[in-house]
Amino acid sequence: MPLSRHTGQLPESNWTLSFREMTEPWKGAVGCLGVAIFFAMTIGIISWQALEQSPEEWVLRGRDGGMLWERRRGALVLRALPAGRAVVAIAVGGVPAAEPPPPRDHCWHDGRQFCYSWEEDAELRLSLEPPAAPGTECYGVRWTPLRPDVTLKDCFSMANVSWYGGPSIRAQRWPLNSAESPTQPFVSGDLGMNPDGFGPVLDRYFLGSTGVTVTVAPDVPLLLSLESHRHFCLETPAGRAEPLQYLLCISTDVASAHRHMGNPPAGPARTRPDTALLGSPLWRYHGPEGSAAKIKRGLRSLVRRLKRHGLQEGVVALGEHGTAILAAAERVPSERRKRQDLALVEPLQLSITLSPYASITSPLFLQSLHQGEAAGYWLSRQPRPGGSLIPLLTTWKGQLCARLNVTSEAALAWYLTRARRLRQALGATYVIFEGVEGNSFLEQGVPPPAELAGDGYTRVLAAALATLGNGTVISAGASSSHLPLFVQMSPLRSDWSHVGLKGLIPSVLHYSLLGYNFFIPDTVLNLTRQYIQRHRDFVVPLLLKYSEEWQSLGHPIFRPAWWLSPTDPTAFTIEDEFLIGDEVLVAPITEKGQTWRDVFLPGEGHLWLDTNSARVFDGGTILRNYSASLAEVPVFVKTS
């Protein structure tokens, strides 16, 4: 009987048996092959994603640059076109940074805006803004919290960018990259009272060496932190649901960026203070202050000592306590007393010192109480419904004090009238106002009135004091660089650290960059007649020349090395030399016992003449181990 041939599927038993027999010797090989195929597919998918999906996505593009979203770290990146050079990277805080914006934003119909919302967290709006000047392109950045507990925080990277501007600090640095500061309100302060706070001169303006500027409007509540060599961060106060907004502008280089944005010609008209003070040393009186008679004898004694040393020019500065004693004694001066007081420091001039503070035990404050004017003349806490105003008391020079209410026109008029009368009665040429900095409300955790938010107090008081004339010196500057005022520099220690001598040039560059070119050093030490005369003959004419340029164009008088070498990375970190205008370079000793130093001569293609040796050197070069001393400061004049 012939065997029948099975032409269909193999019987189940036969197939299972055959597979079991086949896999027995190849079991490990088949398993490895499967794992390898799966691994290869996974790598392929990941590689495809990495190649096909860029880590950066354009969200807003302009003519000269554009904003991108970097997926990997959740950051905004501003790049310059056409080369795509990274100008600044901004790490985003307070929102889920890992979540990328969608390809199409909420403002897709407007090519000049980009909008995106992180649900229940914050909304981001980027916008192309009208250029501040030819050659610039500006982007508005606005974060709006969608919940009260969202804290918005943008951190600007210091990687490959040197930053300038912002706040003055106790150990001033140039650039800011090596500075350190905890998160705190961006408000001017007294570094003597709060060494960890911000100093008396600041501006909501940051300048990057890549040609970028960051500007924050004065009405934006703002906190700032500095983390050395990493980033600086702008932040909104917690729990207030306030938007964080600022303006980013790009230019071709750092010098061009500052020319366009730092002090633009279209800003407020700039007025110079009394330039006669530029050539006058200021001698501080530290003699006895027990009575008016002792002060007068001490002033005459100081003048006689200066005369013996051939120093018969300058200004003798009387402190606040001494001024108050003389003011009490000269409340109703006779003509004879006026003539005597005018001769107190002849042939020198006299400056007196006032502040907007009044001790609660002083005749000034008690008199305002008796006249029923205390509530309007001094800063007060907001009363409860039906309650009365209570003066906001604070501490000033160890005493419990009230502070002048600068929002009251009557209080300002009373204060300014008193200052004018006192200046005339004591025969003073100049008046120094201390205690202009700070926000008394923030210091005590009390919400300030809207007009005194941030540095509103400093701005309002500076504008009022400018009406006293161009012989006025104030202790702080905030959006007031255009006024005819001198600024008193913060005291420095008598050592070689950044809190001392090494911090002087960074402070000078910082003040001048922000527009405060007319400042008074805290003290004058070891000045000789020869030094003073050289200052008057050589330096003062330069200051007058470049102050005219500052008035017309807003350029700083004291300039960093990068002003003439705006694309040379070497120039970005030089903090121990400075330019006066474009034609003089000063490179003093900043290390104890040093008799040589390296000198960077900026401006490739220029020639520099050493005024001490008459040797000529090329610009754009570094002079290694160049001879220098405290007696012979290297000074170079540009000859081409």
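Residues numbered from 1 in each chain as written. Predicted model: local features only at pLDDT ≥ 70, side-chain atom pairs only at ≥ 80, totals over all residues. Heavy atoms only, no water.

## Thoughts on the overall build of the chain
Check the secondary structure of the chain and you find 13 helices and 35 strands. Split into buried and exposed, the 640 residues of the chain put 49% on the buried side. Counting only contacts in the chain whose residues sit at least 6 apart along the sequence, the fraction spanning at least 24 positions is 64%. Split by element, the accessible area of the chain, about 30700 Å² in all, is 56% carbon and sulfur. (Helix = DSSP H or I, 4+ residues; strand = E, 2+ residues; numbered from the N terminus. Buried < 20%, exposed > 50% of the residue type's maximum accessible area, 1.4 Å probe, protein only. Contact = heavy atoms within 4.5 Å. Areas by Shrake-Rupley, 256 points an atom, 1.4 Å probe, with all protein chains shown as cover.)

## Brief notes about the packing of aromatic side chains
By the definition in use, this model includes 27 aromatic pairs. Judged by centre distance (5.9 Å) and plane angle (50°), the ring pair of Phe365 and Trp378 falls under tilted. Of the two residues, Phe365 sits in helix H6 (residues 363–370) while Trp378 sits in the loop between helix H7 (374–377) and strand S20 (380–381), which places them 13 residues apart along the sequence. Relative accessible area serves as the criterion here: at 5%, Phe365 is assigned to the buried category. By relative accessible area, which is 2% here, Trp378 ends up buried. Of the aromatic side chains, those joined through ring pairs into one cluster are Phe156, Trp163, Phe186, Phe198, Phe206, Phe232 and Tyr246. For the cation-ring pair, Arg61 lies above Trp58, with the distance from its terminal atom to the ring centre recorded as 3.9 Å. (Phe/Tyr/Trp six-rings, centres within 6.5 Å; stacked < 30°, edge-to-face > 60°. Lys NZ or Arg CZ within 6 Å of the ring centre and 35° of its normal.)

## Describing the sheet that holds strand S27 (residues 519–520)
One open sheet holds the 7 strands; their spatial order is S16-S17-S18-S24-S25-S26-S27, and the pairing between them is parallel. At either margin of the open sheet sits one strand with a lone partner, and together these are strand S16 (282–284) and S27. Relative to strand S24 (residues 430–433), strand S18 (residues 349–354) is paired through 4 bridges, and the arrangement is parallel. Residue pairing in the sheet places Leu354 in a bridge with Phe433 of S24. (Pairing = 2+ DSSP bridges.)

## A word on the confidence of the model for the chain
When pLDDT is averaged along the chain, the result is 85; 84% of the residues meet or exceed 70. Scored below 50 in pLDDT, residues 1–23 makes 2 contacts in the model with residues more than four places away or belonging to other chains. Low pLDDT, under 50, characterises residues 44–52; the stretch is placed with 1 contact to residues that sit more than four places away or in other chains. (pLDDT = per-residue confidence, 0-100.)

## Section: the side chain of Glu577
Note on placement: Glu577 falls in the loop between helix H13 (569–572) and strand S29 (578–580). At 3.2 Å, the side chain of Glu577 and the side chain of Arg597 are in polar contact. A polar contact is formed between the side chain of Glu577 and the backbone nitrogen of Phe600, at a distance of 3.2 Å. (Polar contact = N/O pair within 3.5 Å; in protein donor to acceptor, adjacent residues only side chain to side chain.)

## Regarding the pattern of salt bridges
Overall, the coordinates contain 15 salt bridges when judged by the stated rule. A salt bridge links Asp149 to Arg147; its shortest N-O distance comes to 2.9 Å. For Arg147, a relative accessible area of 30% gives the class partly exposed. Note that Glu577 is salt-bridged to Arg597, the shortest N-O span being 3.2 Å. In this pair, Glu577 sits in the loop between H13 and S29 while Arg597 sits in strand S31 (residues 596–601), placing the two residues 20 residues apart along the sequence. We classify Glu577 as buried; its relative accessible area is 1%. (Salt bridge = Lys/Arg side-chain N within 4 Å of Asp/Glu carboxyl O.)

## Comments concerning the nonpolar core
If you look at the biggest cluster of nonpolar residues, it comprises 117 residues, and the most contacted ones within it are Leu404, Phe433, Leu465, Trp562, Ile580 and Phe636. The dominant element in this core, judged by the number of residues it contributes, is helix H8 (residues 409–426), at 7 residues. Not counting chain neighbours up to four residues away, the residues in contact with Leu465 comprise Tyr415, Leu416, Phe433, Val436, Thr472, Ile474 and Leu485. Core analysis: the second largest hydrophobic core is formed by 48 residues, Met67, Val88, Val214 and Ile250 among them. (Core = buried A, V, L, I, M, F, W, Y, C linked by side-chain atoms within 4.5 Å.)

## With respect to unusual backbone geometry
Each neighbour pair has its own omega, and for Leu81 with Pro82 the value is 10°, a cis peptide bond. At the junction of Glu346 and Pro347, the peptide bond is cis and its omega measures out at 10° in the coordinates. With respect to the helices and strands, the residue Pro347 is situated in the loop between helix H5 (335–342) and S18. The residue Ser479 is not glycine, and still its phi comes out positive at about 55°. If you trace the backbone, Ser479 turns up in the loop between strand S25 (472–474) and strand S26 (486–488). Here Asn625, not a glycine, exhibits a phi torsion of approximately 50°, which is positive.

## Topic: helix H4 (residues 320–329)
Within the span of H4, buried status applies to Glu320, Gly322, Thr323, Ile325, Leu326 and Ala327. Where H4 is buried, its residues meet helix H3 (292–308), S18, strand S22 (394–396) and H8.

## Re a nonpolar patch on the surface
A surface patch of nonpolar side chains, about 190 Å² in accessible area, is lined by Leu492, Leu501 and Leu504. The partly exposed category is assigned to Leu501, whose relative accessible area is 32%. (Patch = residues over 30% accessible without salt bridge, like charges linked within 9 Å, V, L, I, M, F, W, Y side chains within 5 Å.)

## Observations regarding the state of the cysteines
Going through the model one piece at a time under the given rule, you end up with 2 disulfides. Cys138 shares a disulfide with Cys249; S-S distance 2.0 Å. The disulfide joining Cys138 to Cys249 has a torsion of about 110° about its S-S bond and is therefore right-handed. Of the two residues, Cys138 is situated in strand S7 (residues 137–145) and Cys249 in strand S15 (residues 244–250); the sequence distance between them amounts to 111 residues. Each member of the pair, Cys138 as well as Cys249, is classed as buried. (Disulfide = S-S within 2.5 Å.)

## Here's the deal with the sheet that holds strand S3 (residues 75–80)
Within a sheet, neighbouring strands are paired by backbone hydrogen bonds and run either parallel or antiparallel to one another. Spatial ordering of the open sheet is given by S1-S2-S3-S4-S8-S14-S13-S10, a layout of 8 strands whose pairing is antiparallel. Single-partner strands in this sheet number two, and they are strand S1 (56–61) and strand S10 (181–185). Ignoring which end each strand starts from, the neighbouring axes of this sheet average 20° apart. Bridge count for strand S8 (residues 153–157) against strand S14 (residues 231–235) is 5 bridges, and the pairing is antiparallel. (Axes fitted to C-alpha atoms, helices over the stretch in contact; angles between N-to-C directions.)

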